[in-house]
Amino acid sequence: MISETFWRGKSVIVTGGSSGIGRAVGEALAAVGTRVGLIARRREPLVATAAAIRRLGGMTEEEACDVTDAAALAAAVASLERRLGECEVAVASAGIHRTSWPLDAAIAADVIDVNVKGCIHLAAAVLPGMLSRRRGWFCGIASIAGVVGLPGNAAYCASKAAVVAFLESVRLDAAAEGVRVTTALPGVIDTPMITNAERAAGGVMPADVAAVRILRGIERGRAEVWFPRRTAIAARAARSLPPRIRDAFLRRQPRLEEPGGD
Ligand SMILES: NC(=O)c1ccc[n+]([C@@H]2O[C@H](COP(=O)([O-])OP(=O)(O)OC[C@H]3O[C@@H](n4cnc5c(N)ncnc54)[C@H](OP(=O)(O)O)[C@@H]3O)[C@@H](O)[C@H]2O)c1
């Protein structure tokens, strides 16, 4: 359960709000009187998600925008703030996954652009307001793939490692000015980003459960939230191994593939 006392009346902006984890965050907030601004590129899924949130009793507005475009994202945030009130909580969930072995520079650049620049652009758009009010919460959805390398996923892992480091650094500066920064490190979550083979392999967490973990992490001011538990323990253990043994362990991990490939 999330805290109704914390979330009621707050204005929250979620990038990647039209699908998967971002959508589940919006739907979880619908029931507790939060105003939710949704951002993603494609209008149709955005409108469908907004309609679902309204059916659940939530108040929501949407803006179609590409998070790789800093100016467009700043304008989308400003537009949502005019309609929903000053953004008090922001969740950077927009992201893409592409396999990167064999390595393709253009595909890797796309992954970095969306996953890293998208998070930085949202932070740049919302933090000035939060810092001036000396109050706010920023959460980025990184990944356990940001703390261990996974086969076939060099660009995705690099992008998530960058998000982990970016948020850790921002957290140090923002804390002194009243703004909390939470890094979410999910394992495999059941969203359109994963393949049926990953689903069948087990250990997959439903998106609504992941959303609650993230929202509870934010409301409790946690620096990091890692889930599911078993994946988090394995990743932490892998990190502590000597590199040669860690590589042998990680080489045996299943490759994360792009949906559509199965
Ligand atoms: N699912 C997992 O197992 C898992 C695990 C760890 C971390 N994560 C991370 O969690 C976040 C959410 O992933 P998900 O699983 O919910 O994936 P998803 O269901 O595919 O949702 C991705 C969302 O990001 C939006 N998006 C993608 N590119 C965008 C862009 N350039 N500008 C604006 N919006 C964009 C998509 O909408 P449009 O395509 O319409 O723009 C969609 O709303 C991602 O950062 C992902 O890396 C996921």
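The structure presented is a predicted model; accordingly, all values stated were derived computationally and were not measured.

Trainee: In this structure, what is going on with the site of the ligand? I would like to understand it.
Mentor: The environment of the ligand is formed by 29 residues, the closest being Ser-19, Ile-21, Arg-41, Tyr-156 and Thr-191. Take Ser-18: an N or O atom from its side chain is 2.7 Å from an oxygen atom of the ligand. Burial of the ligand by the protein amounts to 94% of the accessible area it has alone, namely 890 Å². The set of elements that each furnish at least two residues to the shell around the ligand consists of helix 2 (20-30) and helix 6 (154-175). Tallied by class, residues from the shell around the ligand come to 16 nonpolar, 9 polar and 4 charged.

Trainee: I tried to follow the pattern of salt bridges on my own but got confused; where do I start?
Mentor: Counted under the stated rule, the structure contains 9 salt bridges. Across the pair Arg-83 and Glu-61 runs a salt bridge whose closest N-O atoms are separated by 2.9 Å. Taken together, the positions of Arg-83 in helix 4 (residues 70-84) and Glu-61 in strand 3 (residues 59-64) put the pair 22 residues apart, joining distant regions of the chain. Residue Arg-83 is classed as partly exposed on the basis of its relative accessible area, which comes to 34%. Taken together, the shared-partner salt bridges connect Glu-61, Glu-63 and Arg-83 into one network.

Trainee: What's the story with the sheet that holds strand 2 (residues 35-40) in this structure? I'm lost.
Mentor: Within a sheet, each strand pairs with its neighbour through backbone hydrogen bonds, oriented either parallel or antiparallel. Spatially, 3-2-1-4-5-6-9 is the arrangement adopted by the 7 strands of the open sheet, whose pairing is parallel. Only two strands of the sheet have a single partner each, and these edge strands are strand 3 and strand 9 (224-227). Neighbour-to-neighbour, the strand axes of this sheet turn through a mean angle of 15 degrees, independent of strand direction. Note: strand 5 (residues 136-141) against strand 6 (residues 179-186), 6 bridges, orientation parallel. Within strand 6, the position partnered with Cys-139 by the bridge is Thr-182. Against the sheet, helix 6 engages strand 5, strand 6 and strand 9, with an angle of about 160 degrees to strand 6.

Trainee: Would you take a moment to explain the nonpolar core for this structure?
Mentor: Across soluble globular proteins, nonpolar side chains show a tendency to be buried alongside one another. With 45 residues, the main nonpolar core has Ile-39, Leu-122, Val-126, Phe-138 and Ile-144 as its most contacted residues. Elements with a minimum of two residues in this core: helix 4, strand 4 (89-92), helix 5 (105-133), helix 6, strand 6 and helix 9 (229-240). The element best represented in this core is helix 5, accounting for 9 residues. The contacts of Phe-138, once residues within four sequence positions are left out, are Ala-90, Ala-92, Cys-119, Leu-122, Ala-123, Val-126, Leu-167, Arg-180, Val-181 and Thr-182. Counting residues in each nonpolar core, the second largest holds 33 residues, with Trp-7, Val-25, Ala-50 and Cys-139 among its members.

Trainee: Explanation requested: the packing of helix 2 against helix 3 (residues 43-55) in the structure shown.
Mentor: How two helices pack is summed up by the angle between their axes together with the distance between the axes. Where helix 2 meets helix 3, the closest approach of the two axes is 8 Å, and the angle between their N-to-C directions is 25 degrees. By the angle class used here, helix 2 and helix 3 are roughly parallel. In the packing of helix 2 onto helix 3, the handedness of the crossing is right-handed. Contacts between helix 2 and helix 3 involve Arg-23, Gly-26, Glu-27 and Ala-30 from the first element and Thr-49, Ala-52 and Ile-53 from the second. Considered class by class, the residues forming the contact of helix 2 with helix 3 number 3 nonpolar, 2 polar and 2 charged.

Trainee: So what exactly am I meant to see when it comes to the pairing of strand 4 here?
Mentor: Regular strands show a simple pattern: their side chains alternate between the two faces of the sheet. Going residue by residue along strand 4, you find Val-89 and Val-91 tucked away on one face and Ala-90 and Ala-92 tucked away on the opposite face as well. Of the pairings in the sheet, the one linking strand 1 (residues 11-15) to strand 4 comprises 4 bridges and is parallel in character. Considered in strand 4, the bridge of Val-12 is made with Val-89. Sheet topology places strand 4 next to strand 5; 4 bridges connect them, and they run parallel.

Definitions and cut-offs
- Residues numbered from 1 in each chain as written.
- Predicted model: local features only at pLDDT ≥ 70, side-chain atom pairs only at ≥ 80, totals over all residues.
- Heavy atoms only, no water.
- Near = heavy atom within 4 Å.
- Polar contact = N/O pair within 3.5 Å; in protein donor to acceptor, adjacent residues only side chain to side chain.
- Areas by Shrake-Rupley, 256 points an atom, 1.4 Å probe, with all protein chains shown as cover.
- Helix = DSSP H or I, 4+ residues; strand = E, 2+ residues; numbered from the N terminus.
- Nonpolar A, V, L, I, M, F, W, Y, C, P; charged D, E, K, R; others polar.
- Salt bridge = Lys/Arg side-chain N within 4 Å of Asp/Glu carboxyl O.
- Buried < 20%, exposed > 50% of the residue type's maximum accessible area, 1.4 Å probe, protein only.
- Pairing = 2+ DSSP bridges.
- Axes fitted to C-alpha atoms, helices over the stretch in contact; angles between N-to-C directions.
- Contact = heavy atoms within 4.5 Å.
- Core = buried A, V, L, I, M, F, W, Y, C linked by side-chain atoms within 4.5 Å.
- Parallel < 35°, antiparallel > 145°, perpendicular 65-115°, else oblique.
- Left-handed = near helix turned anticlockwise from the far one by under 90°.

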